[in-house]
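Spelled out from the first residue to the last, the chains are:
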Protein chains: 2
Amino acid sequence: MDLDMRKMRILQAIIDDYIMTATPVGSRTISKLPDISLSSATIRNEMSDLEEMGYLEQPHTSAGRVPSEKAYRLYVNSIMQRAELTEAEKRFIKNCYSNTLDEVDEIVRQTAWVLSSMSKYTSMVLKPALTAVRIKHIQLVPVSDGRALAVVVTDMGVTRDTLINVPRGMSYQQLERVSRILTARLQGCPIRDVASVNIPELQADLNSQREFLNNALAALHKTFDDGPGGVQLSGATNMLNYPEYSDMSKARSFLAAIETKDVLYKILTEAADVEFSIKIGQENQEKDIQDCSVVTAVYKVGGSAVGTLGVIGPVRMDYARVLALMRHIGKSVSEVLTNLMEEER
Amino acid sequence: MDLDMRKMRILQAIIDDYIMTATPVGSRTISKLPDISLSSATIRNEMSDLEEMGYLEQPHTSAGRVPSEKAYRLYVNSIMQRAELTEAEKRFIKNCYSNTLDEVDEIVRQTAWVLSSMSKYTSMVLKPALTAVRIKHIQLVPVSDGRALAVVVTDMGVTRDTLINVPRGMSYQQLERVSRILTARLQGCPIRDVASVNIPELQADLNSQREFLNNALAALHKTFDDGPGGVQLSGATNMLNYPEYSDMSKARSFLAAIETKDVLYKILTEAADVEFSIKIGQENQEKDIQDCSVVTAVYKVGGSAVGTLGVIGPVRMDYARVLALMRHIGKSVSEVLTNLMEEER
DNA sequence: GGTTAGCACTCAAATGCATCGAGTGCTAAC
DNA sequence: GTTAGCACTCGATGCATTTGAGTGCTAACC
């Protein structure tokens, strides 16, 4: 018993229907479709085969059939056809980025919003990882004796600062000098490489406390990593509109999973190196969301991936549409960010 | 028909019971209480009176009675007695602040967590408003021609920065000079007054673009206002444990209300000038949360109020306990923040 | 061979109906 | 003023019945 074209076509029809209605699909529903000219009895036979092959499941004897996760996997791999957004939708996305979005956070928030409101699922966007961003300028600002604020300006217009300890008694002029040397040495250096840079001319100044520089650079490095706080969530309540979450306990477990963003952060960072990723139900490592599906995509700045965006929805999510949205929105946010970066450079 | 002591006592018993059980309270339940030696018939008569007076409501004829919002108002105003936390609870709170909490954000997050996990409701904490914080140091860091980063260090260890436009062609030395003058002039000045300070010696430097300074100061001022982003939320899913939210549509409207933090921000900022505030159901201005109650309190740094914390829960919330928690946690966070600030000063 | 009409069968959901019981209001007696 | 007693209300609970969408199987058909 093999999965011939006709079975494929029927499975597709079942999945398409189930994605729309969330109710088990009966044989008559399929046989009535205009491009399937088979009686319900034939469909029943095929469905029976598909069930035996593990693509369909029956909630109970006298109900219709429901696609299994295996079916969805097949669907996204082979059956599903690429969907395109309408012109109006593309315009809509474009409009969302046309306003004055001059801050990374603002762009990330807006992206999450567009994605959730167009998909009607819950969306999440991970802020750009700034490890690839290059240092433009470093300035140590004295705060009190023994403490200074290290300010880093990068080529993406992003600035970060962190309080660091400096050797007590260090003068304003000395700090200035260190700033100048650091800037000269680290200019153009990507954040991720900061720790490994060697700055011989400072060894003399800091002989007594050679830890200082390493600590400072490590602290700096850390401020560029937002952690779970770098996850922007949107449309969490959209999920409650789907019948699969009308059961309170399921709704609660979903909401609990996204309340602390740790799980989402983990998912998004792990997906940082694949263009598109689709995890269906049990394929997700995280217990709490094993009856959801997660679709992620990366977005880029100047050609290299810097962040991830994702949609989390019911397993019967409209994968084709979500992928189309992600392609388009991913491209848009990539462009906007790249422009922002060039402008600042 | 007046509200004599006995009626008060009965109303209190009804409210106490309803807060615990969330089910309409019958006359027998009350008459069986050890310190009420009246028959259920007598209680019924009293209940009938209380209903006529608007303190009780009947879901339907053969159900018990439920306190009205008017009753809760009376309860918090006159009936409720001050509750105290147990020693163990006080210790618990203390422990929560004993770890290395060296950042304001960390303290705020921790506070929200303690408050929600001890109250079992949803909690929110507004970050300290930094308008009262005093400037310690200002440094302009050149970024590119015409742009600089203005870094402000305050006496609370909080630093903020913002990109500003500076007159093109301004030299590094000039920026240095401006920094020094600004620091000298603004040192000790609370953020809120920054805009109104006059700095005559800079007029000469900036004659050609006298807008520059004002814009820069305004931009700075703005970075100290977190807006809705300054609301830390915790325990949102706690609410789903209460039967009043087992109705999906109510749960959804609550979750929608807190998803964007705008509403909460509004509530918390408006409550910034009252030590404790209790809003019961319809007393809340915001439509979305009119079947919740909101209790807020301010916390202080060095004696003056800088932020607000709040609990949002069902109208039948345990007001006495929540107030006790808020008193205690409010005091704790005030102390921790005050210490942090002194240390940095 | 594959396809289909027909039919018995299944089972969740809806419907109808009687019962139960927690609660009330009222009245008469204490 | 308080209380025992009693009729009454009405949602909740339980149970039997019906309904209907769906299945599987078989026999006939092309």
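Quick caveat: nothing in here was measured; it's all calculated off a predicted structure.

Definitions and limits used
Residues numbered from 1 in each chain as written. Chains lettered and ligands numbered in written order. Predicted model: local features only at pLDDT ≥ 70, side-chain atom pairs only at ≥ 80, totals over all residues. Heavy atoms only, no water. Helix = DSSP H or I, 4+ residues; strand = E, 2+ residues; numbered from the N terminus. Polar contact = N/O pair within 3.5 Å; in protein donor to acceptor, adjacent residues only side chain to side chain. Contact = heavy atoms within 4.5 Å. Domains from an automatic or database assignment. Buried area = accessible area lost by both parts, 1.4 Å probe. Salt bridge = Lys/Arg side-chain N within 4 Å of Asp/Glu carboxyl O. Nonpolar A, V, L, I, M, F, W, Y, C, P; charged D, E, K, R; others polar. Near = heavy atom within 4 Å. Core = buried A, V, L, I, M, F, W, Y, C linked by side-chain atoms within 4.5 Å. Buried < 20%, exposed > 50% of the residue type's maximum accessible area, 1.4 Å probe, protein only. Pairing = 2+ DSSP bridges. Axes fitted to C-alpha atoms, helices over the stretch in contact; angles between N-to-C directions. Phe/Tyr/Trp six-rings, centres within 6.5 Å; stacked < 30°, edge-to-face > 60°. Lys NZ or Arg CZ within 6 Å of the ring centre and 35° of its normal.

**Brief notes about the side chain of N284 of chain B**
All names here are of chain B.
- Along the polypeptide, N284 turns up in the loop between strand 8 (276-280) and strand 9 (292-301).
- Here the side chain of N284 touches C292 through a polar contact of 3.2 Å, landing on its backbone oxygen.
- Those residues within four positions of N284 in sequence are excluded, and the remaining contacts are K279, I289, Q290, C292, S293 and V294.

**Quick notes on the domain arrangement of chain A**
All names here are of chain A.
- Per the domain assignment, the segments of chain A are domain 1 (5-79), domain 2 (87-127 + 227-344) and domain 3 (131-222).
- Each of domain 1 and domain 2 was reduced to a C-alpha centroid, and the two centroids are 29 Å apart.
- With nine residues of domain 1 at the contact, the number on the domain 2 side is 14 residues.
- The three residues of domain 1 that bury the most area against domain 2 are I19, E69 and R73, which together make up 53% of that side's buried surface.
- Here domain 1 and domain 2 share one salt bridge between them.
- Among the salt bridges present, the one from E283 reaches R73, with a minimum N-O distance of 2.6 Å.
- For the side of domain 1 that touches domain 2, the elements supplying multiple residues, two or more each, are helix 1 (5-21) and helix 4 (69-79).
- Ranked by residues supplied to the side of domain 1 that touches domain 2, first place goes to helix 4 with five residues.
- Residue classes in the side of domain 1 that touches domain 2 are distributed as seven nonpolar, no polar and two charged.

**Section: the protein's contact with DNA strand D**
- Around DNA strand D, a shell composed of 20 residues is seen, among which S27 and R65 of chain A together with R6, T42 and S62 of chain B lie nearest.
- Taking the atoms of DNA strand D that fall within 4 Å of the protein, sugar and phosphate contribute 74% of them.
- In the model, a phosphate oxygen of DNA strand D is placed 2.7 Å from a nitrogen or oxygen of the R6 of chain B side chain.
- Between DNA strand D and T61 of chain B there is a distance of 3.1 Å, counted from a phosphate oxygen to a side-chain nitrogen or oxygen.
- At the level of elements, helix 3 (40-52) of chain A together with helix 3 (40-52) of chain B are the ones that each hand at least two residues to the surface near DNA strand D.
- In terms of residues, the surface near DNA strand D owes the most to one element, helix 3 of chain B, which gives four residues.
- Broken down by class, the residue content of the surface near DNA strand D amounts to four nonpolar, twelve polar and four charged.

**Notes on the nonpolar core**
- One finds Y319 of chain A together with Y319 of chain B to be the most contacted residues of the largest nonpolar core, which totals 218 residues.
- For Y319 of chain B, the residues in contact, after removing those within four places along its chain, are Y72, Y75, V76, M80, I278, I280, S293 and V295 of chain B.
- Formed by ten residues, the second largest nonpolar core is a distinct cluster that contains L149 of chain A together with V141, V143 and V153 of chain B.

**Things to note about the sheet that holds strand 6 (residues 159-165) of chain A**
Residues and elements named next belong to chain A.
- With antiparallel pairing, the three strands of this open sheet are ordered in space as 4-5-6. Each of the sheet's edge strands pairs with one partner strand only, and the pair in question is strand 4 (135-144) and strand 6. Averaged over all pairs of adjacent strands, the angle between strand axes in this sheet comes to 20°, irrespective of strand direction.
- Note that strand 5 (residues 147-154) and strand 6 share seven bridges and pair antiparallel. Residue pairing in the sheet places A148 in a bridge with I164 of strand 6.
- Against the sheet, helix 7 (residues 172-186) touches strand 4 and strand 5, its axis set at about 160° to strand 4.

**Things to note about the packing of aromatic side chains**
Residues and elements named next belong to chain A.
- Going through the model one piece at a time under the given rule, you end up with eight aromatic pairs over all chains.
- If you follow K70 out to its NZ or CZ, it ends over the ring of Y55, 4.6 Å from the centre.
- Above the face of the F224 ring, R160 is positioned so that its terminal group lies 5.6 Å from the ring centre.

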